[in-house]
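# Breakdown of the fold
Below, each chain spelled out in residue letters.
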Amino acid sequence: MCIFCKIANGEIPSATIYEDDDFRVILDLGPATRGHALILPKNHYANLCELDDEVAGKALIVAKKIGTAMMNSLGCTGFNLVQNNGEEAGQTVMHFHIHVIPRYDGGERIVAWTPGKTTPEEMAEVAEQIKSAL
Ligand code: AMP
Ligand code: ZN
């Protein structure tokens, strides 16, 4: 059993803020901001590609619930959902999870990238490449 399996199923104690039949939501041990939470399915899925469709649908509803509660309780003025898949994407725990990161006025906005450049030709090529695998 992986560490998030043990936490999600209550074998390792955690700062739990929400629990239902499918999920446990805990506070992150290394919070990006005050209230940073992790939505953990109780069953093990390594990443989004492996996630059961029904659980995937429910996960976004839980994210909505948690984000709304944060907005109504913590004084944050926004929040990010972050979900990493694969080491190259920054995933360090190979049990699917969604980060819910409250954002506060004047705080940093960490989820960011430098906008690049592309061409219509390249966009068409990339679009075809992805569509061919759907
Ligand atoms: P990721 O990089 O998307 O795989 O995120 C893993 C997250 O899990 C990091 O933000 C860690 O701080 C957090 N984390 C790792 N172990 C624990 C734990 N035992 N309890 C709570 N959060 C944890
Ligand atoms: Zn697991």
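The structure contained in this document is the topic of the report that follows.

Basis of the calculations
Residues numbered from 1 in each chain as written. Chains lettered and ligands numbered in written order. Predicted model: local features only at pLDDT ≥ 70, side-chain atom pairs only at ≥ 80, totals over all residues. Heavy atoms only, no water. Core = buried A, V, L, I, M, F, W, Y, C linked by side-chain atoms within 4.5 Å. Buried < 20%, exposed > 50% of the residue type's maximum accessible area, 1.4 Å probe, protein only. Helix = DSSP H or I, 4+ residues; strand = E, 2+ residues; numbered from the N terminus. Patch = residues over 30% accessible without salt bridge, like charges linked within 9 Å, V, L, I, M, F, W, Y side chains within 5 Å. Areas by Shrake-Rupley, 256 points an atom, 1.4 Å probe, with all protein chains shown as cover. Salt bridge = Lys/Arg side-chain N within 4 Å of Asp/Glu carboxyl O. Near = heavy atom within 4 Å. Polar contact = N/O pair within 3.5 Å; in protein donor to acceptor, adjacent residues only side chain to side chain. Nonpolar A, V, L, I, M, F, W, Y, C, P; charged D, E, K, R; others polar. Donors = N, O, S within 2.8 Å, 3.2 Å for Na, K, Ca; no water. Tetrahedral: all angles 85-135°; square planar, octahedral: opposite > 155°, others 65-115°.

### Notes on the nonpolar core
Inside soluble globular proteins, nonpolar side chains tend to come together where they are buried. Judged by nonpolar contacts, the single largest core of 16 residues is most densely connected at F23, V25, I39, V62, I66 and M70. Elements with a contribution of two residues or more to this core: strand 2 (23-27), strand 3 (37-41), helix 2 (53-73) and strand 5 (98-103).

### Here's the deal with a nonpolar patch on the surface
A cluster of nonpolar side chains, namely L60, M71, F79 and L81, defines an oily patch on the protein surface of about 350 Å² accessible area. Position of L60 relative to the elements: it lies in helix 2. Given the relative accessible area of 56%, L60 is considered exposed.

### What to know about the site of ligand 1
The environment of ligand 1 is formed by 15 residues, the closest being D28, G90, T92, H97 and H99. Within the backbone of L29, a nitrogen or oxygen atom sits 3.2 Å from a nitrogen atom of ligand 1. One nitrogen or oxygen atom from the side chain of H97 is found 2.8 Å from an oxygen atom belonging to ligand 1. Relative to its unbound accessible surface of 500 Å², ligand 1 loses 78% to contact with the protein. Looking at the shell around ligand 1, its residues break down into seven nonpolar, seven polar and one charged.

### Side note on the coordination of the zinc ion (ligand 2)
Ligation of the zinc ion (ligand 2) by protein atoms is provided by C2 (SG), C5 (SG), H44 (ND1) and H95 (ND1), these donors lying 2.1 to 2.3 Å from the ion. Taken together, the four donor atoms coordinating the zinc ion (ligand 2) and their angles of 103 to 120° define a geometry best described as tetrahedral. One chain supplies every donor to the zinc ion (ligand 2), and in sequence these donors are spaced C-x2-C-x38-H-x50-H. Pair noted here: C5 is in helix 1 (residues 3-8) and H44 is in the loop between strand 3 and helix 2, with a separation of 39 residues, a long-range link.

Nothing here speaks to function; it is all geometry.
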